[in-house]
Amino acid sequence: MATRVVSKNLFNFKPLGELDPGAKALAEQHEQMRTSPEAKDMVKRIEELCLRHDPESNKEYTEILRAAVVPVMVALAENEAFAFGGEQTNTTFIKVPTTHDGEFDVPVEVYTPKCLEKETKRAAYIHAHGGGAIALTAVDVRKVVQCTAVDLSAVTFNVDYRLAPETKCPNNIKDFYEVIKYVSKNAESLGIDPAKIVIGGESGGGYICLGAMVLLAENNETSLVKLAMPMVPMVDDYCFSDPLAMTKEEREINPTMRKIWGNLIASNYEEQKSSPHLFPGKASEELLQKFPPTIILEAEFDLYITEASRLANRLRRAGRLLEFVVIPGGTHMSSWIPGTRTYKDFTETIKTIATEYIHS
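Here is a short report on the structure shown in this document. Owing to the predicted nature of the structure, the values given are computational and were not obtained by experimental measurement.

**Structural notes on the nonpolar core**
Soluble globular proteins tend to pack their nonpolar side chains together in the buried interior.
Then, number 1: Formed by 73 residues in total, the largest nonpolar core has its most connected members in I126, F157, F176, I199 and I265.
Then, number 2: Examining the composition of this core, we find that ten residues originate from one element, helix α8 (residues 204-218), more than from any other.
Then, number 3: Ranked by size, the runner-up nonpolar core spans 21 residues in total, among them A123, A154, I350 and I353.

**So, helix α9 (residues 248-265)**
Then, number 1: The terminal C-alpha atoms of α9, which comprises 18 residues, lie 24 Å apart, in line with the 26 Å expected from a rise of 1.5 Å per residue.
Then, number 2: At N254, α9 shows its largest kink, close to 50°, and the proline P255 lies no more than four residues downstream.
Then, number 3: Along α9, the residues that are buried comprise E249, E250, N254, T256, M257, K259, I260, W261, N263, L264 and I265.

**Focus: the packing of aromatic side chains**
Then, number 1: Enumeration according to the criterion identifies five aromatic pairs in this entry.
Then, number 2: Measuring from ring centre to ring centre gives 6.0 Å for F82 and Y343, while their planes differ by 75°; the resulting arrangement is edge-to-face. One end of the pair, F82, is in the loop between α3 (55-77) and α4 (83-87); the other, Y343, is in helix α13 (residues 341-358), with 261 residues separating them in the sequence.
Then, number 3: For Y343, a relative accessible area of 16% corresponds to the buried category.
Then, number 4: Site record: aromatic cluster; members linked through ring pairs are Y207, F240, W261, Y269 and F279.

**Some details on the environment of L51**
Then, number 1: Relative to the assigned elements, L51 resides in the loop between α2 (37-50) and α3.
Then, number 2: A C-alpha to C-alpha distance of 43 Å links L51 and K351, two positions 300 residues apart in sequence.

**Let's talk about the sheet that holds strand β1 (residues 89-98)**
Then, number 1: In spatial order, the strands read β1-β2-β4-β3-β5-β6-β7-β8; together these eight strands make up an open sheet with mixed pairing. Here the strands that pair on one side only, and so sit at the sheet edges, are β1 and β8 (321-331). Within this sheet the neighbouring strands show an average axis-to-axis angle of 20°, counted without direction.
Then, number 2: Bridge count for strand β7 (residues 294-301) against β8 is seven bridges, and the pairing is parallel. Of the residues in β8, the one forming a bridge with L297 is V325.
Then, number 3: In this fold helix α5 (residues 142-152) packs onto β1, β2 (104-113), β3 (122-128), β4 (155-159) and β6 (227-231), with an angle of close to 50° to the strand it touches most, β2.

**Focus: the pattern of salt bridges**
Then, number 1: For the structure shown, the criterion picks out 17 salt bridges.
Then, number 2: Note that D54 and R52 form a salt bridge whose closest N and O atoms lie 3.1 Å from each other.
Then, number 3: Judged by its relative accessible area of 19%, D54 is buried.
Then, number 4: The salt bridge involving R66 is made with E166; its shortest N-O contact spans 2.8 Å. Pair noted here: R66 is in helix α3 and E166 is in the loop between β4 and α6 (171-185), with a separation of 100 residues, a long-range link.
Then, number 5: A relative accessible area of 23% means that R66 is categorised as partly exposed.
Then, number 6: E166 sits in the exposed class, given a relative accessible area of 54%.
Then, number 7: The structure contains a network of salt bridges with shared partners spanning R45, E48 and E60.

**Quick word on the packing of α3 against α9**
Then, number 1: α9 packs onto α3 with a crossing angle of 125° between their chain directions and a minimal axis gap of 11 Å. Comparing their axes, α9 and α3 come out oblique. Like other packed secondary-structure pairs, α3 and α9 cross with a definite hand, here left-handed. Seen from α3, the contacting residues are S57, N58, Y61, T62 and L65; seen from α9, they are T256, K259, I260, N263 and L264.

What counts and how
- Residues numbered from 1 in each chain as written.
- Predicted model: local features only at pLDDT ≥ 70, side-chain atom pairs only at ≥ 80, totals over all residues.
- Heavy atoms only, no water.
- Core = buried A, V, L, I, M, F, W, Y, C linked by side-chain atoms within 4.5 Å.
- Buried < 20%, exposed > 50% of the residue type's maximum accessible area, 1.4 Å probe, protein only.
- Helix = DSSP H or I, 4+ residues; strand = E, 2+ residues; numbered from the N terminus.
- Expected span 1.5 Å × (residues − 1).
- Bend = angle between axes of the 7 residues up to and from the residue.
- Phe/Tyr/Trp six-rings, centres within 6.5 Å; stacked < 30°, edge-to-face > 60°.
- Pairing = 2+ DSSP bridges.
- Axes fitted to C-alpha atoms, helices over the stretch in contact; angles between N-to-C directions.
- Contact = heavy atoms within 4.5 Å.
- Salt bridge = Lys/Arg side-chain N within 4 Å of Asp/Glu carboxyl O.
- Parallel < 35°, antiparallel > 145°, perpendicular 65-115°, else oblique.
- Left-handed = near helix turned anticlockwise from the far one by under 90°.

As structure tokens, this is what we get:
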């Protein structure tokens, strides 16, 4: 069993009990967009597809969701406040060969802060982008993740793991896992300090990160990672419980999450529903004790706050939780809205983590 980690208890944000003004404005904007005739028709069609469980509905649902999610997230990433990331980093590209689901080279974008170019023992951050594990690409989130590279002062590997439903669990998490192994094995040639490898991801990428943590624990490879940072992560099958007990945000996303987990990510839901590869929150106590030291970043009104809180409590008991950070007034991905309190709190939190947990 790994040694219990020691938290520095750095983050003690007080809950707001209401949405941050910036997050509230975004929520109101989305609500207004849903009132157009076209949006109403799309919402109605999504609701119909969520009740079906056949290949045709899965395909149509995926196409609609990608068409809806990608433009919104790309538009957020285009904010000029994220320009400094590209200005202060150099971008290169690598491919990581894998064989767990045919022969496939996982594309990875590498962002190196210019101030670190001449150093040979640099921290690494390996990132899994969001999108519910079914949408978005590394390119779509490039500008935001370049900023993360600067804030963490780390060479950052933005992993273009394969998406569901074309690639199912566990092969999606294995793409990310193989990149972790590659960076560790090739640390010297990549100019990376193997003792300072950090992994993370947001939303669906948080699930990908947690799934890779399960694989590391199963293979006794926890020592490869200094720190794991799943952010607003999809964790478990809470969406299959009674919606009456859920928060407003959880209840609204509930049908969508049932569709995503049950029909798109899972290879066979009935066979996999107890597997931590599909639901990392179901990892046994024995596996949790082998997880890398972990900081979970959440938002007060996130879609996955309940399941993330449950995992944080279990990891704390297992001796592997460093911090559970809940950004006040935040909603899912509201940390991508520059100028808001949520954005400021999240950015400062990332910088503090870099100073106190990565580079110390």
